[in-house]
Structure formats: structure tokens, C-alpha cells
Amino acid sequence: MKSAAPNCRVARCHALIPCAGSGSRAGAGRPKQYQPIGGAPLVWHTLAAFAGVPRIAQTLIVTAPGDDALAARLLDRLPHDAFALADCGGASRAESVFNGLARLLQRGAAGSDWVLVHDAARCLITPALINRLIDACLNAASADEEGGLSGALLAMPLPDTLKTADAAGRAAATLPREGKWLAQTPQMFRIAPLHAALAARAASGFAGITDEASAMEAVGSRPLLVRGSAHNIKVTWPEDFALAAALLQTRHEPA
Ligand SMILES: Nc1ccn([C@@H]2O[C@H](COP(=O)(O)OP(=O)(O)OP(=O)(O)O)[C@@H](O)[C@H]2O)c(=O)n1
Ligand SMILES: C[C@](O)(CO)[C@H](O)COP(=O)(O)O
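The model shown is predicted, which means the values in this text are computed figures rather than measured ones.

Criteria and cut-off values
Residues numbered from 1 in each chain as written. Chains lettered and ligands numbered in written order. Predicted model: local features only at pLDDT ≥ 70, side-chain atom pairs only at ≥ 80, totals over all residues. Heavy atoms only, no water. Near = heavy atom within 4 Å. Polar contact = N/O pair within 3.5 Å; in protein donor to acceptor, adjacent residues only side chain to side chain. Areas by Shrake-Rupley, 256 points an atom, 1.4 Å probe, with all protein chains shown as cover. Nonpolar A, V, L, I, M, F, W, Y, C, P; charged D, E, K, R; others polar. Axes fitted to C-alpha atoms, helices over the stretch in contact; angles between N-to-C directions. Helix = DSSP H or I, 4+ residues; strand = E, 2+ residues; numbered from the N terminus. Parallel < 35°, antiparallel > 145°, perpendicular 65-115°, else oblique. Left-handed = near helix turned anticlockwise from the far one by under 90°. Contact = heavy atoms within 4.5 Å. UniProt positions renumbered as here; feature names shortened; annotations may be inferred. Buried < 20%, exposed > 50% of the residue type's maximum accessible area, 1.4 Å probe, protein only.

Novice: Break down the site of ligand 2 for me, with residues and values.
Specialist: For ligand 2, the full set of nearby residues is Arg 25, Arg 93, Asp 119, Arg 122, Ala 183, Thr 185, Thr 210, Asp 211 and Lys 234. Contact between ligand 2 and Ala 183: an oxygen atom at 2.7 Å from a main-chain N or O atom of the residue. Thr 210 places a main-chain nitrogen or oxygen 3.1 Å from an oxygen atom of ligand 2. For ligand 2, whose accessible area on its own is 350 Å², the fraction buried by protein is 74%. Partitioning the shell around ligand 2 into residue classes produces 1 nonpolar, 2 polar and 6 charged.

Below is the structure:
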């Protein structure tokens, strides 16, 4: 029987959850990801969705160094071998992701492995949406003979009319909607190229880098847009807690 080449290794998928924000816009009195919703901290629902995707090898949750007490019980109801906390959150989301990628590599992930970066605050994510992104990304990458596809992200076409505002807060112009998408998460890339793209922006304090795709676009990549869901909201404003709770509740109602 022919033996496999020694360095031949199938790329694995990991997940990285930036969970180190302060939630200033949500006004919850504590970081929004720890605010109780549907009987558990908001981020627990996010993590439960990742627990429902067995092909994800490990999920690393990047927390803020000062949030240890809030994060301590998070893993109680999750499989301990597949989830871990890393209190290496930074001053911005991009810095938290950058630090988390370094931890993933220290924990044995390969640079050629895939990582799905997902906001802790998007607690309506589902295993089906995560699988949709992984399938689309892997299929597109294997069909891409030139090897130019760096990764993929969930996103939604813009549903509303798009305005620019003047300094007085009045509508100044209406922009064409065609070809404009709202970026969601997860966003899926190979670990080493994403880490390198973020490293290139570290000296500027990650200026202009609001998601993983923007870091990859800055080095010339064109990630694949995969349709997400209008339910995959990022809890951002005070009114979003009630919306997220209502959406979570519908999942537990008998059909
Ligand atoms: N320094 C930061 C800032 C944000 N995040 C995470 O990135 C995700 C998206 O960020 P956002 O919704 O902007 O969260 P906050 O920064 O917490 O909110 P705000 O901007 O209102 O303060 C969240 O899961 C948040 O916890 C992070 O890990 N580290
Ligand atoms: C990554 C993101 O969820 C894509 O829409 C978003 O950019 C994160 O929010 P922030 O307010 O820019 O941190």
C-alpha cells in the first residue's frame, strides 16, 4: 500500500470569536455579549451554534483581560475539548482577531488551516448558515484553478435606499444600491494569509479594518460574498436585545 506523503495534511476549520468589545452603543451597563438573553449570556447562543458544527476542530473565544469573571462560566454547558477562552482582546476588533490568530497558531493550528471569524454579538447565527459558508468557500476554492480565492464571508444585498448625509444631518444624495452588500460574519480565510494581512495594518492601529474581508481586500484579495440571513443581526443598539430575544424564542416554539 502506498503511504501518504509526510507533510500531506488536510486543512482543518477553526473558529475565532472576538468577544472583547465594550458594547458602548448597546448601553447595557456591562459588555453586551454577557447580557442575559433567553436565559443565558448573549454570547452563549453564538457558541452553541458553533457547537452544532462538528467539522469545526476548535473554537477560541477572545475575551478582554478585565472580563475574566464574566467569561468564567461560559464553557460550562459546551464541549470542553472543542472550546477555549483566550483573554488576549485588544483595543479594536481587528486587534482582538490578530491576537486570537496568534493564539490559534500557538495551540497547534496550521497556517494553511481555515479560520471562521465570527462576532460574539451575532447570537442569531445558526449551524445551517455556518455550514452554508464553509461549503461555498471550500467549493469555490477547489474550483478556483488559479488559486486566487482567499476566502468568503456571509453578506446581504442592501435592502433599503442608501443616503449620504450632510453636516446638518440632512439627506444630501441617494446612492445606487446595486452591487452593495452588508457584511456579516462568519468570515472564512486561511489563517496565515489573514494573519499577514492584519500584521501589515498593525502599525497604523488597524485603521480602516472593520472586518477580515477588508484586511484581505487591502492586500488585493476579492473574497466571495455568500448570502447570509436578515436574522443574522449584530446586537448593536439597545432595541436589538428585544429583537434578538424574540428571534431566539421563535426557535424554541413548537412548529
Ligand atoms: N476591542 C474589541 C472590540 C470588539 N470586539 C468584538 O467584535 C464584535 C463586533 O464589535 P461591535 O459590535 O462593534 O462591539 P463593541 O465594540 O462591543 O460595540 P461598540 O462599538 O458599540 O462599543 C463583538 O462581538 C465584540 O465583542 C472585540 O473582540 N474586541
Ligand atoms: C465585522 C462586522 O460585523 C461586519 O459587519 C462589523 O464590521 C463589526 O462591527 P464594528 O462596529 O465595525 O466593530
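The structure having been displayed, the exposition proceeds.
Novice: Describe the packing of helix 3 (residues 93–106) against helix 5 (residues 191–202), naming the residues involved and giving the relevant values.
Specialist: Interhelical geometry of helix 3 versus helix 5 gives an angle of 140° and a closest axis separation of 10 Å. On the basis of the axis angle, helix 3 is oblique to helix 5. The chirality of how helix 3 crosses helix 5 is left-handed. The residues of helix 5 that touch helix 3, namely those facing Ala 94, Val 97, Phe 98, Leu 101, Ala 102, Leu 104 and Leu 105, are Ile 191, Leu 194, His 195, Leu 198 and Ala 199.

Novice: Please give an account of the UniProt feature "site: Positions MEP for the nucleophilic attack" (unreviewed entry) in the chain that cites residues and values.
Specialist: Taking the numbering used here, the UniProt-annotated feature "site: Positions MEP for the nucleophilic attack" (unreviewed entry) corresponds to Arg 177 and Lys 234. Secondary-structure assignment places Arg 177 in the loop between strand 9 (171–175) and strand 10 (181–190). Assessed through its relative accessible area of 34%, Arg 177 is described here as partly exposed. Among all residues touching Arg 177, those that are not within four sequence positions of it are Leu 158, Pro 159, Asp 160 and Thr 161. By secondary structure assignment, the location of Lys 234 is in the loop between strand 11 (224–227) and helix 7 (240–252). A relative accessible area of 27% means that Lys 234 is categorised as partly exposed.

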